[in-house]
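# Reading the structure
Here are the chains, one letter per residue:
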Amino acid sequence: MSDHAVLHVKGRVLVGPDDGDVRDELWVVGGRISYDRPAGARDIRTVEGWVLPGLVDAHCHVGLGPHGPVDADVAEKQALTDREAGTLLIRDAGSPSDTRWVDDREDLPKIIRAGRHIARTRRYIRGYAHEIEPDELVAHVDREARRGDGWVKLVGDWIDRDLGDLSACWPREAVQAAIEQAHRLGARVTAHCFAEDSLRDLVEAGIDCVEHATGLTEETIPLFAERGVAIVPTLVNIATFPQLAAGGESRYPRWSAHMRRLHERRYDTVRAAYDAGVPVYVGTDAGGSLAHGLVAAEVAELVTAGIPAAQALSATTWGARDWLGRPGLTEGAPADLVVYEGDPRADVRVLAAPLRVVLNGHVVG
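Overview of the structure. Not measured: the values here are computed from a predicted model.

On to the pattern of salt bridges, then. Pairs can form between side chains of opposite charge once their charged atoms are near each other. By the definition in use, this model includes 24 salt bridges. Ionic pairing is found between Glu-133 and Arg-120, a salt bridge with its closest N-O pair at 3.1 Å. Taken together, the residues span a long stretch of sequence, with Glu-133 in the loop between strand 11 (130–132) and helix 2 (137–147) and Arg-120 in strand 10 (residues 118–120) at a distance of 13 residues. With relative accessibility at 30%, the residue Glu-133 sits in the partly exposed group. Here Asp-343 and Arg-345 are joined by a salt bridge, their closest N and O atoms 3.1 Å apart. Summarising the burial analysis for this pair, Asp-343 and Arg-345 share the class buried. Each of Arg-100, Asp-103, Arg-113 and Asp-149 takes part in one network of salt bridges that share partners.

Following this line, the structure appears as structure tokens:
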């Protein structure tokens, strides 16, 4: 649009999850949202439908491929794929790539970075992480907290080849000191966790979020709820566990059986956490080996797990944006929104087919 062009978005504007939060229209002027018709507006373009804030993928790796960092042209395609799916805000939960150039592109989703993964030596996917020992953890968390956008990403557990199963990566004292340092710098900390035995120490050490969280149990769920520790279940990624287990069966049968158990109870785990009051947000774990653009599938997975549709939507829209400190469809906010043919509160599958994608006030899809 030109500098003087105005976008008129009308239909049902879902400012929040409740019926009282629905507006009939909004205007986009200078790339920002207004609920007042601009005086003397011309070059008006109209878009109609059911309107949501731009979707959030709170676990998405732009710039990451199966073997580590990828070239900028590949990262651009990843970001564009997410944008076409309606994802306009990404929390990049760990990447070895420098994607700061994305910030200069008004046509690409906004990214909140967690720096590079921090893992124990030989305890993560090769090429992804800083691989260090516990006495180095505070220094690396300090570094990534300063490089990121208010988040740091730890690898909380991974397969221990000597044990032949998942196990916690960090002693309690080391991770507590590291989290305290991140908090001193104003950063929040999240951790990759599949297994059970890493969770209590991380939560009691003050962690803010756990990715995947397949190892939650009736003992640790109340602890998460009491301390307000969020989870990002990435169920579209957990769906790959049987395939991973089959691939490791011959070398690590104990790990393989464990992964299958975690997969079998995945929906019960997520629903139990939600029912207990644990904050749940949408993340796909795109990047690496998983395709980008899966945000609608992840929302549908949360509904399959038993989370009500309105709350599953909030986990990728209103609630997720509030959690990440970014505005939704509020007066004066950047016009990042997605338009659909039907009411996504009635059927979240609507999210798979956006009619229009508007980013920074421009119709980009």
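On we go from here.
Our focus in this paragraph is unusual backbone geometry. Backbone geometry follows two general trends: most residues other than glycine have a negative phi, and most peptide bonds adopt the trans configuration. The backbone of Arg-122 shows a phi angle near 60°, a positive value even though the residue is not glycine. Note on placement: Arg-122 falls in the loop between strand 10 and strand 11. One non-glycine residue, Ala-213, adopts positive backbone phi at about 55°. Mapped onto the fold, Ala-213 is located in the loop between strand 16 (209–212) and helix 5 (221–227). The exposure class assigned to Ala-213 is buried, which follows from its relative accessible area of 2%.

Another point: the nonpolar core. The nonpolar side chains of a soluble globular protein tend to be buried, and buried together. Membership of the largest hydrophobic core comes to 78 residues, with the highest contact counts inside it found for Leu-137, Leu-154, Ile-207, Phe-224 and Leu-302. Per element, the largest residue contribution to this core is 5 residues, and it comes from helix 3 (residues 172–184). Apart from the residues within four sequence positions on either side, Ile-207 is in contact with Ile-179, Val-189, Thr-190, Ala-191, Leu-202 and Val-229. The next biggest cluster of nonpolar side chains, apart from the first, holds 14 residues, and it includes Val-9, Val-51, Ala-335 and Val-339.

Time to look at helix 1 (residues 72–84). The periodicity of an α-helix, 3.6 residues per turn, causes residues three or four places apart in sequence to face the same way. Between the first and last C-alpha of helix 1 there are 18 Å, a value that for 13 residues agrees with the 18 Å anticipated at 1.5 Å per step. Of the residues making up helix 1, those classed as buried are Ala-75, Gln-78, Ala-79, Asp-82 and Arg-83. Along the long axis of helix 1, the arc covered by the buried residues comes to 140°, so they all point the same way. The secondary structure elements touched by the buried residues of helix 1 are strand 6 (64–65), strand 8 (87–92) and strand 19 (356–359).

Here we come to the sheet that holds strand 9 (residues 110–113). Ordered by their spatial adjacency, 3 strands build an open sheet running 5-8-9, and the pairing between neighbours is parallel. Looking along the sheet, the strands with just one partner apiece sit at the ends: strand 5 (55–57) and strand 9. With direction set aside, neighbouring strand axes in the sheet form an average angle of 20°. Both strand 8 and strand 9 contribute to a ladder of 4 bridges, which runs parallel. Looking at the pairing, Ile-90 lines up with Ile-111 of strand 9.

Next up on the list: the pairing of strand 15 (residues 188–193). In terms of residue burial, strand 15 counts as a mostly covered element, since 5 of its 6 residues are buried. Pairing between strand 15 and strand 16: 4 bridges, direction parallel. By the bridge assignment, Ala-191 is partnered in strand 16 with Val-210. In this fold, the crossover linking strand 15 to strand 16 by way of helix 4 (residues 199–204) has right-handed handedness.

Conventions and cut-offs
Along each chain, numbering runs from 1 in the same order as the chain's sequence is written. Selection of residues for local features in this predicted model requires a pLDDT of at least 70, selection of side-chain atom pairs for listing and counting requires 80 or more, and totals for whole chains, interfaces and linings are taken over all residues. Just so you know, side-chain values use all the structure's heavy atoms and leave hydrogens and water out. Any carboxyl oxygen of Asp or Glu within 4 Å of a side-chain nitrogen of Lys or Arg constitutes a salt bridge here. A run of H or I in DSSP counts as a helix once it spans at least four residues, and a run of E counts as a strand once it spans at least two, with each numbered from the N terminus. Accessibility here uses a 1.4 Å probe with only protein chains present; expressed as a share of the type maximum, an area under 20% marks a residue as buried, one over 50% as exposed, and anything in between as partly exposed. We define the nonpolar core as a collection of buried residues of types Ala, Val, Leu, Ile, Met, Phe, Trp, Tyr and Cys that are connected through side-chain atoms lying within 4.5 Å of one another. Any two residues whose heavy atoms approach within 4.5 Å at even a single point are treated as in contact. One less than the number of residues in a helix, times 1.5 Å, gives the span that helix is expected to have. The arc in question is formed by the directions pointing from the helix axis toward the C-beta atoms. In this description, strands pair whenever DSSP reports at least two bridges between them. Angles run from 0 to 180 degrees between N-to-C directions of axes, and those axes are lines fitted to C-alpha atoms, restricted for helices to the stretch in contact. Seen with the strands pointing away from the viewer, any crossover whose path from the first strand over the helix to the second strand runs clockwise is right-handed.

Such coordinate-based values are descriptive only and should not be taken to indicate function.
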